[in-house]
Amino acid sequence: MNIELHHRLSGQKLKKWLSLLEQAGLVQTEEPDVIALVFEGDQLIATGARQENVLKLIAVAADRQGEDLTSRVITALKSEALEQGYRHLFIYTKPQNKWMFSSLFFYPVAQTKSVLLMEDRRDGISTYLKSIPKPGAVGKVGAIIMNANPFTLGHQYLVESAARQCDYVYVFVLSEDKSEFSALDRLNMVRLGTAHLSNVTVTETGPYMISAATFPTYFLKDRDNACEVQCGLDIEIFSKIIAKELSITHRFVGSEPLSAMTDKYNRSLAKHLPENGIAYVEIERKTADQTPISASLVRKLIKSKDAGSLGAFLPESTLNYLKNKDII
């Protein structure tokens, strides 16, 4: 029995890998960072993969179940991930696989009918929540989750609107570095743009607030329902764990006239958050000369070197930040 690690597959190994995934009901949706293959002779009997800090596409041949092959795959992937600097790993899997991954020292974070999120830290999410400052005894507590790529007048208007309506507001900035602006730059821009609001705390999402761009749907047969499934898990984590710990009563979003996917996501939030005791508040998107303010438009203006138009869409704090970074 031999375990191989590959960054890319081709030829017969690729065919055998895709065949094993198909047998297991899994679908490759994007190329992983690393793929583990377990061979006995020339027969592929087990596999798994890592995409950044998520272990995925774990499958064992039907005639080799019960031989502890999953453990061997996970051990190889965890060792490789540690070498690459990933010290906190997650697995998205079917709920019926909970016992198997629990035996491999993964711990449940949240679960719906369709998906289970597990991590390799026993108290990972509670440790994250303890790191967030809490205001003490307050009544109405709001929350906003944003990417802020970059932070615009629209984002600032949303936060100011929430701050006027609430005793206290948490602004969570997505932590993943999958945007044009780094996670640190986006966090800094939001903090600078909300510094005048004394009842607002800006913090990172960490790995616990799920985005549609990163949620793995490789084990879902109904690809069209992926957004609803992803939103369901997001609501479960947000309402049952995060909002409960931080006493959040309201979640604020901006209206979405530009992205059909985001608008669909907002509709799911509007439907399901109140079922969990959290009010959904949608703020009409701010416009400039009847143009909806969007970060995507700002990025286009930056790329086209049209810095003169940015003042209509960005707060002074963001403009100064970008100038100091020599971005505009």
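The structure presented is a predicted model; accordingly, all values stated were derived computationally and were not measured. (Residues numbered from 1 in each chain as written. Predicted model: local features only at pLDDT ≥ 70, side-chain atom pairs only at ≥ 80, totals over all residues. Heavy atoms only, no water.)

> What should I look at first to understand the confidence of the model for the protein in this one?
Low-pLDDT portions of the prediction should not be read for the details of their coordinates. Within the protein, residue pLDDT values average 90, and 94% of them lie at 70 or more. Helix α8 (residues 260-272) is the least confidently modelled element of the protein, averaging 83 in pLDDT, while helix α5 (residues 153-165) averages 98, the highest of any element. (pLDDT = per-residue confidence, 0-100. Helix = DSSP H or I, 4+ residues; strand = E, 2+ residues; numbered from the N terminus.)

> Could you clarify how one ought to interpret the environment of H272 in this entry?
Within the element layout of this structure, H272 appears in helix α8. A C-alpha to C-alpha distance of 9.9 Å links H272 and S239, two positions 33 residues apart in sequence.

> Just to check I follow, could you spell out the pairing of strand β7 (residues 116-119) for this structure?
On any regular strand, side chains alternate: one points to one face of the sheet, the next to the other face. Of the two faces of β7, the one carrying L116 and M118 and the one carrying L117 and E119 are both buried. Two elements, strand β5 (residues 90-93) and β7, share 4 bridges in a ladder whose sense is antiparallel. Following the sheet pairing, F90 is matched in β7 by E119. In this sheet, β7 lies alongside strand β6 (residues 107-111) in antiparallel orientation, the contact comprising 4 bridges. (Buried < 20%, exposed > 50% of the residue type's maximum accessible area, 1.4 Å probe, protein only. Pairing = 2+ DSSP bridges.)

> I tried to follow the packing of helix α6 (residues 183-193) against helix α10 (residues 316-324) on my own but got confused; where do I start?
Relative orientation and spacing of two packed helices are given, respectively, by the angle between their axes and the distance between those axes. Relative to each other, α6 and α10 sit at 140 degrees, their axes nearing to 8 Å. The angle between α6 and α10 places the two elements in the oblique class. At the point where α6 passes α10, the crossing takes the right-handed sense. Residue-level contacts link D185, N188, M189, L192 and G193 of α6 to S317, T318, Y321 and L322 of α10. Its residues assigned to classes, the contact of α6 with α10 shows 4 nonpolar, 4 polar and 1 charged. (Axes fitted to C-alpha atoms, helices over the stretch in contact; angles between N-to-C directions. Parallel < 35°, antiparallel > 145°, perpendicular 65-115°, else oblique. Left-handed = near helix turned anticlockwise from the far one by under 90°. Contact = heavy atoms within 4.5 Å. Nonpolar A, V, L, I, M, F, W, Y, C, P; charged D, E, K, R; others polar.)

> Explanation requested: the sheet that holds strand β1 (residues 2-6) in the structure shown.
Backbone hydrogen bonds are what pair the strands of a sheet, in a parallel or an antiparallel way. Sheet architecture is open: 7 strands sit in the order β1-β2-β3-β4-β5-β7-β6, paired in mixed fashion. Among the strands making up the open sheet, the edge pair consists of β1 and β6. Strand-to-strand, the axes of this sheet are offset by a mean angle of 25 degrees, without reference to chain direction. Looking at chain direction, strand β2 (residues 34-40) and strand β3 (residues 43-51) are connected through 7 bridges and run antiparallel. By the bridge assignment, L37 is partnered in β3 with T47. The sheet strands contacting helix α1 (residues 11-23) are β1, β2, β3 and β4 (54-60), and the helix crosses β3 at an angle near 85 degrees. This element, helix α2 (residues 69-83), spans β1, β2, β3, β4 and β5 of the sheet and lies at about 40 degrees to β3.

> How do you make sense of the sheet that holds strand β12 (residues 279-283) when you look at a structure like this?
Spatial strand order, β10-β9-β8-β11-β12: 5 strands in an open sheet with parallel pairing. At either margin of the open sheet sits one strand with a lone partner, and together these are β10 (200-204) and β12. Each adjacent strand pair in this sheet contributes to an overall mean axis angle of 25 degrees, direction not counted. Here strand β8 (residues 141-146) runs beside strand β11 (residues 250-254); their pairing, made up of 2 bridges, is parallel. Paired with A143 across the two strands is R251, which belongs to β11. This element, α8, spans β11 and β12 of the sheet and lies at about 145 degrees to β12.

> Is there a simple way to explain the pattern of salt bridges in this structure?
Opposite charge on two side chains permits pairing when their charged atoms draw close. Within this structure, the stated rule accounts for 13 salt bridges. As a salt-bridge pair, K13 and E4 come within 2.8 Å of each other at their nearest N and O atoms. Among the residues examined, K13 registers a relative accessible area of 31% and is labelled partly exposed. Residues E256 and R285 are paired through a salt bridge, measuring 2.8 Å at the closest nitrogen-oxygen approach. Of this pair, E256 sits in the loop between β11 and α8 while R285 is found in the loop between β12 and β13 (287-288), placing the two residues 29 residues apart along the sequence. Take E256: its relative accessible area is 15%, and that puts it in the buried class. Bridged by salt links that share partners, the residues D33, R50 and E80 form one connected network. (Salt bridge = Lys/Arg side-chain N within 4 Å of Asp/Glu carboxyl O.)

> How do you make sense of α2 when you look at a structure like this?
For an α-helix the count is 3.6 residues per turn, leaving residues at separations of three or four pointing the same way. An ideal rise of 1.5 Å per residue puts 21 Å on 15 residues; α2 measures up with 22 Å between its terminal C-alpha atoms. All of the buried residues in α2 are L69, T70, S71, V73, I74, A76, L77, E80 and A81. Those residues of α2 that are buried lie in contact with β1, β2, β3, β4, β5 and α3 (98-102). Just beyond α2, the residue with positive phi is G85, at close to 95 degrees. (Expected span 1.5 Å × (residues − 1).)

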